[in-house]
Amino acid sequence: MLRLGVLDWIRIGLLVLGLVFLVSGLLPWEAAAESLREIWPLLIFLVAIIVLAELTKEAQVFDAIAARMAVLGRGNYAALFLLCTVFAALVTIFLNLDTTAVLLTPVMLALAPKARIAPLPLAMTTIWLANTASLLLPVSNLTNLLAMGKLGLDAQGFAARMWAPQIVAVLVTMAFLWVFFWRRGERRDLRYSPPVLEPVGDRALFAAASAGCLLFIALLLLKAHVAVAAGAAAALVVAAFLLRARERLTWRLFPWQLVVFVTGLFLVVPTLSRHGLSDLMSWMIGAEGDPYRTAAVGAGLSNAINNLPAYKAVEIVIPAADQDRLLALLAGTNVGPVVTPWASLATLLWFESCRRHDVQVPMRRFLLTGAGLAAVGLVATVWALEATI
């Protein structure tokens, strides 16, 4: 039996509200059809990438990499810190921030007791980098995909504009992670105990899932549409599971919550924008075109209401020709949502994963360190964006 949590009811409520707007005439049918035409390729990508990531975790690919990182670190926390940050950043960049938050977090938390490592530093590494490492590619964050049509850039052009901001955002995040969670004064232990490597359960599934991830990355490099790339990679891995472990292919793999949330979002935000929201957003970001102000508004709204509706609400009032401000807005809605638990879907899902693994997250510490990271990271990221024009 399907059990619905509070977040599930909020998502369903958002979709119902959007349908009410549509039926009542507050949102014209033509505008609704235009919104849905915009998002259906994104929904295909979302479903495919989540299925790919879930099955990759089932095939123990993430577990094997995490365990080998701990062994490679040889008990040295600085080496492990570097390996973990690189791993989390790469998963975010190529497999989407939700993959890092939802699937990599439990892998890292399961590694903690095996290596006698405090779980909080590992958990904070995944959630902060899930957000701040999501600037480089369109697939890294749904906000990036939402922006692609208006920006008029392909994946390579987007990466060419965002590589410097991405590097700066990751470096700032690493500095905050080390100072507040990883240094010896915070973790107490001088060294950790490398875990004993365990064989994977099914080598064929492990190989197929690894190949699926590599296929996805290769298709992106060949400029395939993100939905096509994710769909082909997911199909390869699903086929392997059909042959080897059909019982693991359940309807729980389908991310209906994200589909419902995004569909509702694309009905509610355009309606509100038609009835006063756009005027408010125009006033907030100002008419002078300041990228720092735009990024700050995006970050502030993200921490107030969630980054997806925040991005969509502000993007509507920025002209397509103003590419710099659109990219600054992405910096705000990607790097900024690290303060409140509801700032991004990834953070909400991460908190749930921590709760299931009995990891206590000190809320005051989370809020204060996140606020510092958001402030410093945002200024540094927008500076890097402006410096590379």
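Since this is a predicted model, take the numbers as computed values, not measurements.

Reading the values: rules and limits
Residues numbered from 1 in each chain as written. Predicted model: local features only at pLDDT ≥ 70, side-chain atom pairs only at ≥ 80, totals over all residues. Heavy atoms only, no water. UniProt positions renumbered as here; feature names shortened; annotations may be inferred. Helix = DSSP H or I, 4+ residues; strand = E, 2+ residues; numbered from the N terminus. 1 Å grid on protein atoms, 1.4 Å probe; cavity = no way out; pocket = protein on both sides within 12 Å on 5 of 7 lines; lining within 4 Å. Points joined across faces, edges and corners; volume = space filled by probe spheres on them. Nonpolar A, V, L, I, M, F, W, Y, C, P; charged D, E, K, R; others polar. Phe/Tyr/Trp six-rings, centres within 6.5 Å; stacked < 30°, edge-to-face > 60°. Buried < 20%, exposed > 50% of the residue type's maximum accessible area, 1.4 Å probe, protein only.

(A) Expanded view of the UniProt feature "transmembrane region" (unreviewed entry) in the protein chain. Following the UniProt record, the feature "transmembrane region" (unreviewed entry) maps to residues 9-27, 39-56, 77-97, 158-183, 203-221, 226-243, 255-273 and 366-385 here. Each end of residues 9-27 is marked by a C-alpha atom, and these two atoms are 22 Å apart; helix forms 84% of the span and strand 0%.

(B) Examining the layout of surface pockets more closely. Roughly 820 Å³ of internal volume is contained in the second largest pocket. Around the second largest pocket, the lining comprises 32 residues; the ones closest to its centre are Leu42, Leu145, Leu146, Met148 and Gly149. For the lining of the second largest pocket, the secondary-structure elements that each account for two or more residues are helix H2 (29-58), helix H7 (142-151), helix H8 (155-182), helix H10 (203-221), helix H12 (256-285) and helix H14 (307-315). Taken together, the residues of the lining of the second largest pocket sort by class into 20 nonpolar, four polar and eight charged.

(C) Region of the structure containing the packing of aromatic side chains. Summed over the entire model, instances satisfying the criterion amount to ten aromatic pairs. Considering the side-chain rings of Phe62 and Phe87, the 6.5 Å spacing of their centres and the 65° angle between planes classify their relative orientation as edge-to-face. With Phe62 in helix H3 (residues 61-73) and Phe87 in helix H4 (residues 77-95), this residue pair connects regions lying 25 residues apart in the sequence. Here Phe62 and Phe87 have matching classes, each one buried. Through a chain of ring-to-ring contacts, the aromatic side chains of Tyr77, Phe81, Trp178, Trp182 and Tyr192 assemble into a single cluster.

(D) Looking closely at empty space enclosed by the protein. Taken as a whole and assessed by the stated rule, the structure comprises one cavity of 30 Å³ or more. In this structure, the largest cavity occupies an estimated 100 Å³ of space. Taken together, Leu46, Leu97, Asp98, Asn141, Leu142, Leu258, Val262, Asn307, Leu308, Ser344, Leu345 and Ala346 make up the lining of the largest cavity. Among the residues making up the lining of the largest cavity, the classes are represented as eight nonpolar, three polar and one charged.

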